[in-house]
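# Residue-level structure breakdown
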Amino acid sequence: MRGLAGYTATPLARSDRFRSEREADWWRLQTIIETVESNSASDLDDEELLRLPILYRSALSALSVARETALDANLIAYLENLCQRAYLILYGARSPLGTWLKDFFRRGWTVAVRGIWLETMMVAGLFLAGALAGYLLASGDDSWFYAFMDAGMAAGRDPTATTEALRATLYGGDSDDSGLEIFAMSLFTHNSRVSILAFALGFALGLPSILVILSNATGLGAFVSVFVAKGLGVGVGGWLAIHGTTEIFGIILSGAAGLHCARGVVFPGDLTRLESAARNGRRAAMVMVGVIVMMLVAGLLEGFGRQLIENDYGRYGIGAAMLLFWLGYFYRRVGNTA
Amino acid sequence: MTTAMFPWERVPTLERTLVTPEGVPLTIRLATAGTRTSAFILDLVFMGVILILMTIILTILGFAAGSEFVLRMLFILWLLGAFILRIFYFTLFELRTRAATPGKRKNNIRVAARNGGRLTADAIVARNLFREIEVFLPLAFLSTALSEGTLSTATGFAGLGWTSIMLFFPLFNRDRLRVGDFLAGTWVIEQPQQELGFALSARDAGDQYDFTEEELAIYGERELMTLEYVLRRSEPDEEATVAAAIRTKMGREPAHDDRAFLNAYYAALRTRLESGMRFGRRRASKDSDEVRPDHGPLMR
């Protein structure tokens, strides 16, 4: 029978018949995928959403069959594309942003901060040591002050300033309180960027993060020493504490997050280096979202609170309350269930 | 196949296989560095446009309002908007179902988790926070240093080195990972919109063509795919060339109805090759012999 008529062009090759029987389902799947991809998943009714996994599995099995029986490159490419897109929707799906945020504040943030406790301790120790060193060196010899503190940032608050001028910077405030909110907002955006920097630089084996932390700490120590030398130690403490407990905690956390990334790369433990880097990187990113929230709080405290509250007790009280709040929030017990 | 002696001679393959939980392997194509650069530049343009539009709208509102309080609120809105735009533009878009910024969408690429699992929000946040040191830090550094003229040779070179490491990092690993991708467990893959073409064998082929076994045995699967490609493009000149080549090979007379001839030959060749396939006989191309299934001892 394999003669002349053996391979006459039949109206439909067998694999094309296979295709025409299933085409309608693929088309339905494609429509659902396109709706979901255009971010209008809410347009789908329940029935369509329930069909998605079923249609996906049938397309997947059609793909397996087509690979073994069909020599239609376009068909196989189409099915492969369809299955990949459906796969990413079904298995790559995320919880919606709102749900994620709720979970983040309820436990995700706390869990992430607890996860980097070791680095937090190290960076906090480093920060304290740096601040102490800055303080001791600058109070012993004025030239150290200029080594630690940028003249622009000090804005006249250096060892040559008079007691009166220094006192004025602590309590003067702005006589009218216009522009406080702008001040607070620019502090927030600036501090957030600095902390993101301290975090992201941790990628380079953590060294740049440590440098950023140390330079901030020694600057702070030198800054305080100027005020203490003029007998304004209590005042400067309150001036810093009101927002500093939040802001410095945030900076320490971002440095710790940077170190955590570096630790994931350098000491992978039982995981592969890539897996360990990714795990630590994601955990550190959670901490950083939180740090941005902390910087917003610190910006508000610095912009509004410090300008409106001129009383030392009030400033210390708020600073201490914030510190207790953060410590309680981060190191409380959280369940392991979502 | 030639083997590469030196690393730069190796052509990296950007195809990866993902096995679904159902056990079916899917091919995933990683986005090339070029596509990603183009997507990123497009996104920068979009960010610029959004910033300018925001500024214009807020300025107009400010003039309309007049009161100082409203003006200050608008300025805060602007500061906050610029901050969110810079830090969260990429994150907010990638958090949506399509996992792509407008620039990525235009280039048909998207972000996916490297392990094939869920692309979590923290991974997206992580990969985008690192943009700050990959792109914005060098940019800010260069622009301040240049405008203030404080760029010493040493810091200039250090900055250049840093920028280059960040910039070319994707080219130094197989998976085209940015620093951010590396630390977030993500990668960027191609996701074109593939459409289903015609069922080619259903096309009108006419009945006037019959092919002998010998005529169908000239070609293999690769030639069939090429023929499919030609038919789907359906450009008359191309079809004429291909039809002439096939006819010559068969020793047939030249004729005019190229389209019908090619349709008929395609359908016949495909039917033949596919029926061979069902019995385990494959022929990759005209240059290779037919591979028959190796039956086990029981069948022999």
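Residues numbered from 1 in each chain as written. Chains lettered and ligands numbered in written order. Predicted model: local features only at pLDDT ≥ 70, side-chain atom pairs only at ≥ 80, totals over all residues.

On to the overall build of chain A. Per the secondary structure count, chain A includes 13 helices and zero strands. Its helices and strands taken in sequence order, chain A reads α-α-α-α-α-α-α-α-α-α-α-α-α from the N to the C terminus. Taking contacts inside chain A between residues at least 6 apart in sequence as the whole, the part at least 24 apart equals 79%. (Helix = DSSP H or I, 4+ residues; strand = E, 2+ residues; numbered from the N terminus. Contact = placed C-beta atoms within 7 Å.)

Summing up its helical and strand segments, chain B has eleven helices and four strands in all. For chain B, buried positions account for 29% of its 300 residues. Counting contacts in chain B only where the partners sit at least 6 residues apart, residues at least 24 apart contribute 64% of the total. (Buried ≥ 20, exposed ≤ 12 C-beta atoms within 10 Å, placed from the backbone.)

Turning our attention to the domain arrangement of chain A. Examined at the domain level, chain A breaks down into domain 1 (9–93) and domain 2 (98–331). A straight line from the C-alpha centre of domain 1 of chain A to that of domain 2 of chain A covers 53 Å. (Domains from an automatic or database assignment.)

For helix 12 (residues 273–308) of chain A, spanning 36 residues, the distance from its first C-alpha to its last is 50 Å, which sits close to the expected 52 Å at 1.5 Å a residue. L301 of chain A marks the point of greatest bend in helix 12 of chain A, at about 30 degrees. (Expected span 1.5 Å × (residues − 1). Bend = angle between axes of the 7 residues up to and from the residue.)

Burial runs high along strand 3 (residues 109–113) of chain B: five of the five residues are buried. Residues I109, V111 and A113 of chain B line one face of strand 3 of chain B and the alternating positions R110 and A112 of chain B line the opposite face, and both faces are buried.

Turning to unusual backbone geometry, a few remarks are in order. Residues other than glycine seldom take positive phi values, yet R176 of chain B does so here, at roughly 55 degrees. Within the secondary structure, R176 of chain B sits in the loop between helix 6 (153–168) and helix 7 (179–184).

Glancing now at the pairing of strand 2 (residues 25–29) of chain B. Residue and element names in this part refer to chain B. Pairing analysis gives five bridges linking strand 1 (residues 15–19) to strand 2, with the strands arranged antiparallel. In the strand pairing of strand 2, L18 is matched with L26. Linking strand 1 back to strand 2 in an antiparallel pair, the connection comprises five residues, with G23 at a positive phi of about 90 degrees. (Pairing = 2+ DSSP bridges.)

Residue and element names in this part refer to chain A. What UniProt calls "transmembrane region" (unreviewed entry) maps, in this numbering, to residues 116–138, 194–214, 221–242, 248–271, 283–301 and 313–331. Across residues 221–242 one finds 86% helix and 0% strand; the C-alpha atoms that close the span lie 17 Å apart. In this annotation, residues 248–271 is assigned 79% helix and 0% strand; the end-to-end C-alpha distance for the span is 33 Å. (UniProt positions renumbered as here; feature names shortened; annotations may be inferred.)

Take the confidence of the model for chain B next. Residues and elements named next belong to chain B. Averaged over every residue, the pLDDT of chain B is 82; residues scoring 70 or more account for 86%. Averaged pLDDT values over the elements of chain B bottom out at 71 in helix 5 (residues 131–148) and peak at 93 in helix 3 (residues 102–106). The complex prediction reports pTM at 0.80, with the ipTM value standing at 0.81. (pLDDT = per-residue confidence, 0-100.)

Now for the interface of chain A and chain B. The accessible area lost on association of the parts is a frequent measure of interface size. Of the residues lining the interface, 69 residues belong to chain A; the matching set on chain B comes to 68 residues. Of all the secondary structure elements, the ones that give two or more residues to the side of chain A that touches chain B are helix 1 (14–37), helix 2 (46–69), helix 3 (73–91), helix 4 (97–115), helix 9 (180–200) and helix 12 of chain A. For the side of chain A that touches chain B, the element with the highest residue contribution is helix 3 of chain A, accounting for 13 residues. Tallied by class, residues from the side of chain A that touches chain B come to 41 nonpolar, 16 polar and twelve charged. (Nonpolar A, V, L, I, M, F, W, Y, C, P; charged D, E, K, R; others polar.)

Turning our eyes to something else, we now look at the environment of V242 of chain B. Residues and elements named next belong to chain B. By the secondary structure assignment, V242 is in helix 10 (residues 236–250). With 174 residues separating them along the chain, V242 and E68 place their C-alpha atoms 76 Å apart. The contact partners of V242, leaving out residues within four places of it in the chain, are L227, V230 and L262.

Under the domain assignment used here, chain B contains domain 1 (11–190) and domain 2 (200–293). Computed from C-alpha coordinates alone, the two centres of domain 1 of chain B and domain 2 of chain B are separated by 48 Å.

Moving on: the environment of A131 of chain A. Residue and element names in this part refer to chain A. Its location among the elements puts A131 in helix 5 (residues 117–140). For the pair A131 and F145, spaced 14 residues apart in the sequence, the C-alpha separation amounts to 12 Å. In contact with A131, not counting residues within four places along its chain, are A217, L220 and G221.

Turning our eyes to something else, we now look at helix 4 of chain A. Residue and element names in this part refer to chain A. Between the first and last C-alpha of helix 4 there are merely 23 Å, a value that for 19 residues lags more than 12% behind the 27 Å anticipated at 1.5 Å per step. A maximum bend of about 60 degrees is found in helix 4 at F104. For helix 4, the full list of buried residues reads F104, G108, W109, A112 and V113.

Right, let's get into the packing of helix 10 (residues 207–229) of chain A against helix 11 (residues 233–266) of chain A. Residue and element names in this part refer to chain A. The geometry of helix 10 relative to helix 11 is characterised by a closest axis approach of 11 Å and an angle of 175 degrees between their N-to-C directions. Between helix 10 and helix 11, the interaxial angle falls into the category roughly antiparallel. Contacts between helix 10 and helix 11 pair S209, V212, I213, N216, V224, F227 and V228 from the former with G233, G235, V236, I251, G255, G258 and L259 from the latter. A breakdown of the residues in the contact of helix 10 with helix 11 according to their chemical character gives eight nonpolar, six polar and no charged. (Axes fitted to C-alpha atoms, helices over the stretch in contact; angles between N-to-C directions. Parallel < 35°, antiparallel > 145°, perpendicular 65-115°, else oblique.)

Residues A59, V287 and M288 of chain A together with L183 of chain B are the most contacted members of the largest nonpolar core, which totals 146 residues. If you tally residues by element for this core, the top one is helix 11 of chain A, at 16 residues. Once residues lying within four places of it in the same chain are set aside, the contact partners of M288 of chain A are I196, F199, S254 and A257 of chain A together with L129 of chain B. (Core = buried A, V, L, I, M, F, W, Y, C linked by C-beta atoms within 7 Å.)

All names here are of chain A. Assignment of secondary structure puts A320 in helix 13 (residues 312–331). For A320, a count of 13 C-beta atoms within 10 Å puts it in the partly exposed group. For the pair A320 and N39, spaced 281 residues apart in sequence, the C-alpha separation works out to 45 Å.

Another point: the confidence of the model for chain A. Residue and element names in this part refer to chain A. Here chain A shows a mean pLDDT of 83. Residues at 70 or above account for 90%. Averaged over each element, pLDDT in chain A is lowest for helix 7 (residues 151–154) (65) and highest for helix 13 (91). Note that pLDDT drops below 50 for residues 1–10; the model gives that stretch 19 contacts with residues more than four away or on any other chain.

With that settled, consider the packing of helix 11 of chain A against helix 13 of chain A. All names here are of chain A. At a minimum axis distance of 8 Å, the contact between helix 11 and helix 13 shows a crossing angle of 20 degrees. By the criterion of interaxial angle, the relationship of helix 11 to helix 13 is roughly parallel. Crossing of helix 11 over helix 13 shows left-handed handedness. Residues V234, G235, G238, W239, A241, I242, G244, T245, T246 and F249 of helix 11 form the contact with helix 13, whose own contacting residues are D312, R315, Y316, I318, G319, M322, L323 and W326. (Left-handed = near helix turned anticlockwise from the far one by under 90°.)

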